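# Per-entry structural report
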Amino acid sequence: MLQPKLSRDCAYQIEENGESEPGNEKEALKLLRRVAEGDAKAFWKLWELYRNYLYTVCLRQMGGVHADAEDALSRVMIKAWDKLPGHAGKIINLKAWLARMANNLCVDIHRERKRQLEVVEHIEEITVADLKALAYSADSPEEMMLQREMGFHLLRLINALSPNLRQPFVLRFLHGVNYEDIALRLKLSNDNVRKRVQQARAFLRDKLREELGPVEPPEEFEETGARLPAEAMMRAPDQESAGLNASGVVRLVPVILPSGCEMSFQILIGHNMRQNLKIETLDKYVQNHPNGWKKRWELSCSLYKKGHWREAVAEYRKVIEKQPCLIEAYLYLGNILHLLERHDEAITVYKCALMVTAEDDATWHHICGQIEACKANYAAAAREFQQASLLEPNNIIHRQYLGLTYLRAGMPVKALQIFDQSLKKNADDTVALTYSYTALTALGRTIQARRRITRALRLDPENVPAIKLLADQRSQAGEVYGEEGKETRQLIRRALRLAPNVAETHESSALYYIFRGEWERGLSILSAFTERHPNSPAGWLSYARWLFRTGKTESARLAINQAYGLDSCHYETLQTAAKIYAQARDLDRLRFLLDEMLRWFSEQWCAWATVARLLIESMKDAERACTVSAHGLQLEPRLAAARLQHGRVLALAGRHAEAINALVEGWEQLPEDASDTQPVIAALWLGESNRLLGQERRAREWFERAMQKALALSSHHPSIIHYRRGQALEALGDRLGAVQSYVVALEHHLLYPARRKAQEKLKRLEARLRVTS
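Structural notes, computed from the coordinates. (Residues numbered from 1 in each chain as written. Predicted model: local features only at pLDDT ≥ 70, side-chain atom pairs only at ≥ 80, totals over all residues. Heavy atoms only, no water.)

## Considerations on the overall build of the protein chain
The number of helices and strands found in the protein chain is 36 helices and two strands. The buried share among the 773 residues of the protein chain stands at 56%. Taking contacts inside the protein chain between residues at least 6 apart in sequence as the whole, the part at least 24 apart equals 61%. Within the structure as shown, the protein chain displays about 34700 Å² of accessible surface, and the carbon and sulfur contribution to it stands at 50%. (Helix = DSSP H or I, 4+ residues; strand = E, 2+ residues; numbered from the N terminus. Buried < 20%, exposed > 50% of the residue type's maximum accessible area, 1.4 Å probe, protein only. Contact = heavy atoms within 4.5 Å. Areas by Shrake-Rupley, 256 points an atom, 1.4 Å probe, with all protein chains shown as cover.)

Written out as structure tokens, the structure is:
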């Protein structure tokens, strides 16, 4: 276990007389009532009142050893946090109640240490029973026999260790004694103890590989309580589990909240969470053995994987009560609460984790990063994860969270750099392959993005988020006919089989038909899903989005209201709602939605860019639009899309000279392998602004570039690319060519609002051609 230390936020000074009385008993009673009502913040205020007093109690009980007193106080805090809400209404004398708890826990610590000392004194008599902490969970009689044989084998290897290595190793890994206590008992320095433990682990690892082949020691040989969730995934390069790489896998889990709202979340699963025991089996076991914690830990993780998060939260709390220094339990519990947007509770859990980890290690910074992420302070969170990664460069979990933080902050350039670093170390990192797709597409590198997501699926065929990304890209690229269409459909069937009750997979099914031109069939899939799952905000969002894209604005408006009512703080919901209300010309509602976007997503450049475009296009507020757009550019100056969007806002505001400068800079930032519509759109915008400034020669050069880029990309995005090519040809005066391009775009089922513009342009051009002929 890690040596518990109080966090920097909880640092305090003990008065010289050894006690610190609460200053306001009335305040304590008021806070106690709030704790009884479930107010987590009140607990921490109450704890502050009694913390100094409880420290003196622990210090006295632990013989004046400050490190032991801090350890005990940490346990008191954790147990009080768990027990106090349920007993607050019955407590008459809170000070006495807490003091009794502190005394009892100190007695428990003394008993544990006495047992551990007895083991050290008779270390030569270790039996297989003492190796329970090293055993794998057995799911079958064959595994039980293998486990027993491995136990005897490990026993022989441990007994083969020299006494100076065996004693610290057994204390550390069989009995969870922290390094400082081992150093005191064996009369060694802390560094010496660590070195001996490392030497013992290296000896055992080498012997196991030599005698049994390339296998790693069991998980419990790792630092108990010190691992981060994905740190246990880091095995030797030649190790794989069920064909999956050591980076873990991405899963999509459906969760029903206490309110009845149905949500789905992407989570990371490490190999140490891939148990095969059923939840029912584990639940029965923990009921029969309530004092154990290992099977309860497995139950917690299984509930987490299956999306039973209410039950998982309760079980993780029980695990923490049994193992207050198990950092993984805090992190998984905090992650659940964070995803459920119970941010204050998540921060409380993470602060508890800080109290049982060292201040100067990577774990400390990782947990601080989680706290900042809960506060949506993504820049601060990234700094903490970056520091953790620098301290532990081989711990993949720090890089994963750093990359994900940059993605959440709308910073794809930095996110891609992190994921690329992970892929250099491990080309089969499915997490980096999956999430770098989003960063690559934001940079316009859709071909490379497709290669990565395809590789991620080959490595992990059950990666539903990856299946959806690939299926949706194939549908949008027109791969919905013939053999290509069959492959796309097979992907969608796999997603539906793996995740039948989430909106994301049904949206992929609907897209397949929408891009085939069977709009009503696609919409009927989404409509049917919302009927079966009326409390799914993602279901209503998908339905609203594709109603809008197929020209049904009023129906889309009703659907997006349902999504907003279920989840009003979701970026895509606000963005889609803003576009729908802008099309409906409901400016009052639009103004409110734009304010909400900037309120909730002020660190994301794309929120500022969306607000700026709608301010200039729908509300004609040019001055504010330019200011908002400039702020968005400051958040992500290295991203071509951010600079291009700013240039377009300047152009719409009539500031064409400034617009050209911004657009040219954005053009130069586009990657050479850009394979989306950005180069075509950028060239069109540059042509328009140059023409309006009277620079006809330059304008034509840009329009010709737009046409050439469109020709090169026509197979990737057929409908929208042919529409953009029509715009370029029309600007160059080729009316017949423009008509042909608009017709092809419509035949490829161009969606709204571009479809409406194409129809208007086609009608106008055909009329001119008739007059000319």
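## Quick look at empty space enclosed by the protein
Counting across every chain of the model gives three cavities of 30 Å³ or more. In this structure, the largest cavity occupies an estimated 50 Å³ of space. Around the largest cavity, the lining residues are Phe43, Leu46, Trp47, Tyr50, Ala80, Leu84, Leu94 and Leu98. If you list the elements that add at least two residues to the lining of the largest cavity, you get helix 2 (40-61), helix 3 (66-87) and helix 4 (94-121). For the lining of the largest cavity, the leading source of residues is helix 2, giving four residues. (1 Å grid on protein atoms, 1.4 Å probe; cavity = no way out; pocket = protein on both sides within 12 Å on 5 of 7 lines; lining within 4 Å. Points joined across faces, edges and corners; volume = space filled by probe spheres on them.)

## Concerning the environment of Glu48
You can see Glu48 is positioned in helix 2. On the basis of relative accessible area, Glu48 is assigned to the partly exposed category, the value being 38%. There is a polar contact of 3.0 Å between the side chain of Glu48 and the side chain of Arg51. (Polar contact = N/O pair within 3.5 Å; in protein donor to acceptor, adjacent residues only side chain to side chain.)

## Looking at the packing of helix 14 (residues 362-374) against helix 16 (residues 396-408)
Packing of helix 14 against helix 16 brings their axes to within 11 Å, and their N-to-C directions diverge by 20°. The pairing of helix 14 with helix 16 is recorded here as roughly parallel in orientation. Judged by the sense of rotation from one axis to the other, the crossing of helix 14 with helix 16 is left-handed. On helix 16, the residues touching Ala362, His366 and Gln370 of helix 14 are Ile397, His398 and Tyr401. Taken together, the residues that form the contact of helix 14 with helix 16 break down as three nonpolar, three polar and no charged. (Axes fitted to C-alpha atoms, helices over the stretch in contact; angles between N-to-C directions. Parallel < 35°, antiparallel > 145°, perpendicular 65-115°, else oblique. Left-handed = near helix turned anticlockwise from the far one by under 90°. Nonpolar A, V, L, I, M, F, W, Y, C, P; charged D, E, K, R; others polar.)

## Let's talk about the packing of aromatic side chains
Going through the model one piece at a time under the given rule, you end up with 14 aromatic pairs. Between the aromatic rings of Trp540 and Tyr543, the centroid separation amounts to 6.4 Å while the plane-to-plane angle is 45°, which identifies the pairing as tilted. Of this pair, Trp540 and Tyr543 both sit in helix 24 (residues 537-549), separated by three residues, roughly a single helical turn. According to the relative accessible area criterion, Trp540 is buried, its value standing at 15%. Both rings, one in Trp667 and one in Trp702, keep their centres 5.0 Å apart while their planes meet at 80°; by these two values the pair is edge-to-face. One end of the pair, Trp667, is in helix 31 (residues 656-669); the other, Trp702, is in helix 33 (residues 696-713), and 35 residues separate them in sequence. Residue classification places Trp702 among the buried residues on the basis of a relative accessible area of 11%. Feature note: the residues Phe265, Trp297, Tyr304, Trp309, Tyr316 and Tyr332 constitute an aromatic cluster, connected by ring pairs. Lying over the aromatic face of Tyr53, Lys95 brings its terminal NZ or CZ to 4.5 Å of the ring centre. The residue whose ring lies beneath Arg705 is Trp702, and the NZ or CZ to ring-centre distance is 4.3 Å. (Phe/Tyr/Trp six-rings, centres within 6.5 Å; stacked < 30°, edge-to-face > 60°. Lys NZ or Arg CZ within 6 Å of the ring centre and 35° of its normal.)

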